[in-house]
Amino acid sequence: MLERLKYNNIMNKLTTAKRVQIVSALVEGNSLRSTARMSDTAFNTVLKLLPEIGKACAKYQDKVLRNLPCKRVQCDEIHSFVYAKQKNLPDKKVGEYGFGDVWTWVAICADSKLVPCWLVGRRDGEYARLFIENLASRLANRVQLTTDGLRAYLEAVEGAFGSEIDYSMLVKLYTGDPQLEGKYSPGECCGTRTAKIIGNPKSADVSTSYVERQNLTMRMCMRRFTRLTNAFSKKIQNHEHAIALHYMHYNFAKIHKTLRVTPAMAAGISDHVWSLEEIVDLIGSK
């Protein structure tokens with residue numbers, strides 16, 4: 001009986017090639033179930049691999065994304081939901097973290113297109129502080145920072161950087177068409193307003209275009225971020241693991257078309273394009 005159990009454990013262990021096949025499907029925007037069908041593996045097998053690869057990717061990036069030579073940084077927040085939409089939550093889940101509205105705070109270097117950090121949580125002052133403090137700890141130089149008009153950034157940036165930053169806000173102005181109220185899309189953007197908050201930011205570099213384009217990349221490359229579908233995260237932990245895998249692939253393995261290298265190579269923290277095998281090998285590494 002013992003020998004048979006050992007044999008089954010060996011047979012059930014995924015090979016590196018099979019793990020690469022699963023990760024390849026996930027980073028190309030497929031859902032867990034479609035990935036299981038495409039790779040001819042059980043759904044629970046894919047579901048078990050996601051936390052393993054997600055934790056390994058998060059750990060590695062937390063270690064190596066340090067002392068970064070970024071000069072221009074943009075920040076934004078991208079909305080999603082977990083378990084159910086906020087309006088559909090049962091009363092016992094309302095207000096509980098990991099259920100309903102969830103935001104991913106994202107920073108991007110405008111030059112290398114590297115994403116130095118991200119944070120999954122609520123869209124409030126506490127998470128703004130945690131996110132900006134994390135960003136500040138990873139930068140080697142004084143930077144010019146641009147965010148949207150979320151007021152939570154004001155105290156967070158001042159607390160993390162003090163006066164050692166050139167910081168401005170870019171506020172988008174929308175038309176107040178009453179016919180659009182309650183509809184999916186916001187009003188038409190009719191202009192922007194910039195506000196210099198700290199230091200002396202260059203007007204020409206005040207922009208959130210790159211980080212907003214990164215938000216689109218997230219929605220295209222992670223099925224759980226697709227709008228108006230049932231492809232949403234059921235657990236906050238799996239949501240975080242999927243994001244960590246996405247940014248590992250984006251930073252280290254995906255060649256940026258305009259740079260012709262990966263963001264990690266452009267930032268000087270990697271000397272080659274990572275293969276999916278290398279990403280998979282992070283599992284179990286120290």
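Here's a quick rundown of the structure. (Residues numbered from 1 in each chain as written. Predicted model: local features only at pLDDT ≥ 70, side-chain atom pairs only at ≥ 80, totals over all residues. Heavy atoms only, no water.)

A few points about the packing of aromatic side chains
For any two aromatic rings, the description comes down to two numbers: the centre-to-centre distance and the angle of the planes. Counted only if it meets this: Note on ring pairs: Phe, Tyr and Trp rings are taken, using the six-membered ring of Trp, and paired if centres are within 6.5 Å. Classes follow the plane angle, with under 30 degrees stacked, over 60 edge-to-face and the rest tilted. A run of DSSP states H or I qualifies as a helix once it reaches four residues; a run of E qualifies as a strand once it reaches two. Both are numbered from the N-terminal end.
Taken as a whole, this structure holds 10 aromatic pairs when the rule is applied. Each ring, one from Tyr60 and one from Trp274, has its centre 5.1 Å from the other, and the planes form 55°; the classification is tilted. In this pair, Tyr60 is assigned in helix 4 (residues 43-64) and Trp274 in the loop between helix 9 (263-266) and helix 10 (276-280), connecting sequence segments 214 residues apart. Between Trp105 and Tyr153, the aromatic rings sit 5.5 Å apart at their centres with planes inclined by 80°, giving edge-to-face as the arrangement. Here the residue Trp105 occupies a position in strand 2 (residues 100-109), and Tyr153 occupies one in helix 6 (residues 152-161), the gap between them amounting to 48 residues.

Points about the pattern of salt bridges
Selection criterion: What counts as a salt bridge is simple: a side-chain nitrogen of Lys or Arg found within 4 Å of a carboxyl oxygen of Asp or Glu. The buried label applies to any residue whose accessible area, calculated with a 1.4 Å probe on protein chains only, is under 20% of its type's maximum; exposed applies above 50%, and partly exposed to all values in between.
For the structure shown, the criterion picks out 9 salt bridges. Between Asp111 and Arg72 there is a salt bridge whose closest N-O contact spans 2.6 Å. Remark: Arg72 occurs in strand 1 (residues 72-82) and Asp111 occurs in the loop between strand 2 and strand 3 (118-121); sequence separation between them is 39 residues. The exposure class assigned to Asp111 is partly exposed, which follows from its relative accessible area of 35%. Take Arg72: its relative accessible area is 24%, and that puts it in the partly exposed class. The shortest N-O distance in the salt bridge between Asp205 and Arg72 comes to 3.3 Å. Here Arg72 lies in strand 1 and Asp205 lies in the loop between strand 6 (189-198) and helix 7 (209-221), a separation of 133 residues in the sequence. What you see here is one network of salt bridges that share partners, running through Asp62, Arg66 and Arg138.

Regarding the environment of Gly162
This is how the line gets drawn: We call two residues contacting when some pair of their heavy atoms lies within 4.5 Å.
Note on placement: Gly162 falls in the loop between helix 6 and strand 5 (166-174). The class for Gly162 is partly exposed, based on a relative accessible area of 29%. Distance in space between the C-alpha atoms of Gly162 and Gly199 is 9.9 Å, their sequence separation being 37 residues. Those residues in contact with Gly162 that lie beyond four places of it in its chain are Val157 and Ile198.

Details of the pairing of strand 2
Rule in force here: What makes two strands pair is DSSP finding at least two bridges between them.
Buried residues dominate strand 2, accounting for 8 of its 10 residues. When strand 1 meets strand 2, the two strands line up antiparallel, connected through 10 bridges. Of the residues in strand 2, the one forming a bridge with His79 is Trp103. Pairing between strand 2 and strand 3: 4 bridges, direction antiparallel. Each bridged residue has a counterpart across the sheet, and for Thr104 the counterpart in strand 3 is Val120.

So, the nonpolar core
What counts, and what does not: Remark: nonpolar core denotes a set of buried residues (Ala, Val, Leu, Ile, Met, Phe, Trp, Tyr, Cys) joined through side-chain atoms within 4.5 Å.
Formed by 73 residues in total, the largest nonpolar core has its most connected members in Leu135, Tyr153, Val157 and Ile279. Examining the composition of this core, we find that 9 residues originate from one element, helix 8 (residues 236-252), more than from any other. The contact partners of Val157, leaving out residues within four places of it in the chain, are Ile132, Leu145, Gly162, Ile165, Tyr167 and Ile198.

As for the packing of helix 3 (residues 32-39) against helix 4
The following threshold applies: All axes are obtained by fitting lines to C-alpha atoms, using only the stretch in contact for helices, and the reported angles, taken between N-to-C directions, cover 0 to 180 degrees. By convention, the crossing between two helices is left-handed when the near helix turns anticlockwise from the far helix through less than a right angle, and right-handed when the turn is clockwise. When residue character is reported, Ala, Val, Leu, Ile, Met, Phe, Trp, Tyr, Cys and Pro are called nonpolar, Asp, Glu, Lys and Arg charged, and the others, Gly included, polar.
Axis separation between helix 3 and helix 4 bottoms out at 8 Å; the angle between their running directions is 115°. For the pair helix 3 and helix 4, the sense of crossing is right-handed. For the pair helix 3 and helix 4, the contacting residues are Leu32, Arg33, Thr35 and Ala36 in the first and Phe43, Val46, Leu47 and Leu50 in the second. Class assignment for the residues of the contact of helix 3 with helix 4 results in 6 nonpolar, 1 polar and 1 charged.

What about the side chain of Ser270?
Its location among the elements puts Ser270 in the loop between helix 9 and helix 10. Setting aside anything within four residues of it in sequence, one finds Ser270 in contact with Phe252, Ala264 and Met265.

As for the side chain of Thr104
Position of Thr104 relative to the elements: it lies in strand 2. Setting aside its immediate chain neighbours within four residues, Thr104 contacts Asp76, Glu77, Ile78, Trp118, Leu119, Val120, Met218, Phe225, His239 and Ile243.

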